Amino acid sequence: MRKLLAIFAHPDDESFGPGGSLAKYAANGVAVHYLCGTRGEAGTVDARQLNGYTSVAELRTAELMRAAEALGLASVRFLGYHDSGMACPEGADPAILCAAPLDEVAQRIIGFLDQLHPDAVITHDRFGGYGHPDHIKLHQAVLRAYELRYGARWSLGADGLIRLACDMPAPRLYFTVIPRGWLKVAVRLLPLLGQDPRRFGRNHDIDLVRIASWEMPITTWVDVRRYIEHKQRASACHASQQPLGRQSWLARLIFRRAQTTECFSRAWPPFQPRERRETGLLGD
Ligand SMILES: [Zn+2]
């Protein structure tokens, strides 16, 4: 049985991110595992949503377990760090993911790689999607894990792609990519709806203008049209973290439209100069 390991920082990154791809592979007989860096402790949660749960971590873990079921995941595991929120202050507690020693995080990841032997690994891109410090840390820790476990060396090309060279057989490695085209559409349309694209999201701490300027080439497009329902059902499980908050139907429409294809950047095996774009994560 083929295995896919998604490594992201928070409960909800799996659903709001590549949820369609995870559901697609799970539905096609691949064992899809989720290794979650934290339990989303820093998430903003309404007091009434906490109803019945003793902590934000407990609530968000429960939301994640329901989302995992909606996606058909084989298992959910935790790296055991705390969520930093959007800021990672100097001298922060090393129990917080963004402040944890890199090699320690990498060693914990290696433990799961050796236990699961995945065929492919998916994680955050080098910008951490929208710049979240826990996402960036996990991206770096996965690269470090490949260095320590598979003898990988890596470089960032002028084309913006990270390419690995591994001494040993290693799982394929992908980073999730937010397609810039859709972001640019959103940046132009949101002001027309009276919304500031520099202060996007329920916490108004996401700068879409800056994110749209980050270059992140796409090597792999996965058609998830048939799995949008799964992704939406899984996303709805994270009721405490709806990213669009009460934003307009048009903003929702743009983001839903952007969800028919999920995009990735492949780092291992390294993407070749004249290689055609892939349509799958397992060489399919
Ligand atoms: Zn996250």
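Heads up: the structure comes first, above all this text.
In what follows, the accompanying structure is described. (Residues numbered from 1 in each chain as written. Predicted model: local features only at pLDDT ≥ 70, side-chain atom pairs only at ≥ 80, totals over all residues. Heavy atoms only, no water.)

Within the protein, the regular secondary structure consists of 10 helices and 9 strands. For the protein, the C-alpha radius of gyration of 18 Å lies close to 19 Å, the compact-globule estimate for 284 residues. Principal-axis analysis of the C-alpha atoms places the extent of the protein at approximately 50 × 40 × 40 Å. Here the protein holds 284 residues, and 55% of them are scored as buried. Counting contacts in the protein only where the partners sit at least 6 residues apart, residues at least 24 apart contribute 77% of the total. On the protein, roughly 12,800 Å² of surface is accessible, and the fraction owed to carbon and sulfur atoms is 53%. (Helix = DSSP H or I, 4+ residues; strand = E, 2+ residues; numbered from the N terminus. Rg over C-alpha atoms; globule rule 2.2 N^0.38 Å. Buried < 20%, exposed > 50% of the residue type's maximum accessible area, 1.4 Å probe, protein only. Contact = heavy atoms within 4.5 Å. Areas by Shrake-Rupley, 256 points an atom, 1.4 Å probe, with all protein chains shown as cover.)

What follows covers helix H4 (residues 102–116). Here H4 spans 21 Å end to end across 15 residues, near enough to the 21 Å set by a 1.5 Å rise per residue. Listed as buried for H4 are Val105, Ala106, Ile109, Ile110, Phe112, Leu113 and Leu116. The arc enclosing the buried residues of H4, seen along the axis, measures out at 165 degrees, which places them on a common side. Elements in contact with the buried residues of H4: strand S1 (3–8), strand S2 (31–38), strand S3 (75–81), strand S4 (120–123) and helix H6 (133–150). (Expected span 1.5 Å × (residues − 1). Arc of directions from axis to C-beta.)

Attention now goes to the environment of isoleucine 136. Secondary-structure assignment places isoleucine 136 in helix H6. On the basis of relative accessible area, isoleucine 136 is assigned to the partly exposed category, the value being 25%. The spatial distance from the C-alpha of isoleucine 136 to the C-alpha of leucine 97 is 9.9 Å, given a sequence separation of 39 residues. Not counting residues up to four positions away in its chain, the partners in contact with isoleucine 136 are Arg126, Phe127, Gly128 and Gly131.

So, on to the pairing of S1. In summary, the side chains of a regular strand alternate between the two faces of the sheet. Of all 6 residues in S1, 5 are buried; the element is thus mostly enclosed. With 4 bridges connecting them, S1 and S4 associate as parallel partners. Across the sheet, residue alanine 6 finds its bridge partner in S4, namely isoleucine 122. (Pairing = 2+ DSSP bridges.)

Quick look at the coordination of the zinc ion now. Looking at the metal site, the zinc ion is ligated by His10 (ND1), Asp13 (OD), Asp13 (OD) and His135 (NE2), spaced 2.0 to 2.3 Å from it. For the zinc ion, the 4 donor atoms in the first shell make angles of 58 to 142 degrees at the metal, a pattern classed as irregular. Summarised as a motif, the one-chain spacing of the donors to the zinc ion is H-x2-D-x121-H. One end of the pair, aspartate 13, is in helix H1 (residues 13–16); the other, histidine 135, is in helix H6, and 122 residues separate them in sequence. (Donors = N, O, S within 2.8 Å, 3.2 Å for Na, K, Ca; no water. Tetrahedral: all angles 85-135°; square planar, octahedral: opposite > 155°, others 65-115°.)

To continue, consider helix H7 (residues 180–189). Listed as buried for H7 are Arg180, Leu183, Ala186 and Val187. Looking straight down H7, one finds its buried side chains confined to an arc of 115 degrees; they lie on one side.

A separate point is the state of the cysteines. Evaluation of the coordinates by the stated rule reveals 1 disulfide. Across the disulfide, cysteine 88 is cross-linked to cysteine 98 (sulfur-sulfur distance 2.0 Å). Across the disulfide from cysteine 88 to cysteine 98, rotation about the S-S bond amounts to roughly 90 degrees, and the bridge is consequently right-handed. Of this pair, cysteine 88 sits in the loop between S3 and H4 while cysteine 98 sits in the loop between S3 and H4, placing them 10 residues apart in sequence. Cysteine 237 takes part in no disulfide bond, and the closest cysteine sulfur, belonging to cysteine 36, lies 14 Å away. For cysteine 237, a relative accessible area of 17% gives the class buried. (Disulfide = S-S within 2.5 Å.)

Right, let's get into the environment of glutamine 107. Mapped onto the elements of the fold, glutamine 107 is located in helix H4. Owing to a relative accessible area of 45%, glutamine 107 belongs among the partly exposed residues under this scheme.

The next point concerns the sheet that holds strand S7 (residues 172–177). The 7 strands lie next to each other as S3-S2-S1-S4-S7-S9-S8, forming an open sheet whose pairing is mixed. The strands lining the two open edges of the sheet, one partner per strand, are S3 and strand S8 (220–223). Recorded for the sheet is a direction-independent mean angle of 25 degrees between the axes of neighbouring strands. As defined by bridge partners, S8 adjoins strand S9 (residues 261–268) across 4 bridges and the pair is classed as antiparallel. The residue of S9 that forms the bridge with aspartate 223 is threonine 261. (Axes fitted to C-alpha atoms, helices over the stretch in contact; angles between N-to-C directions.)

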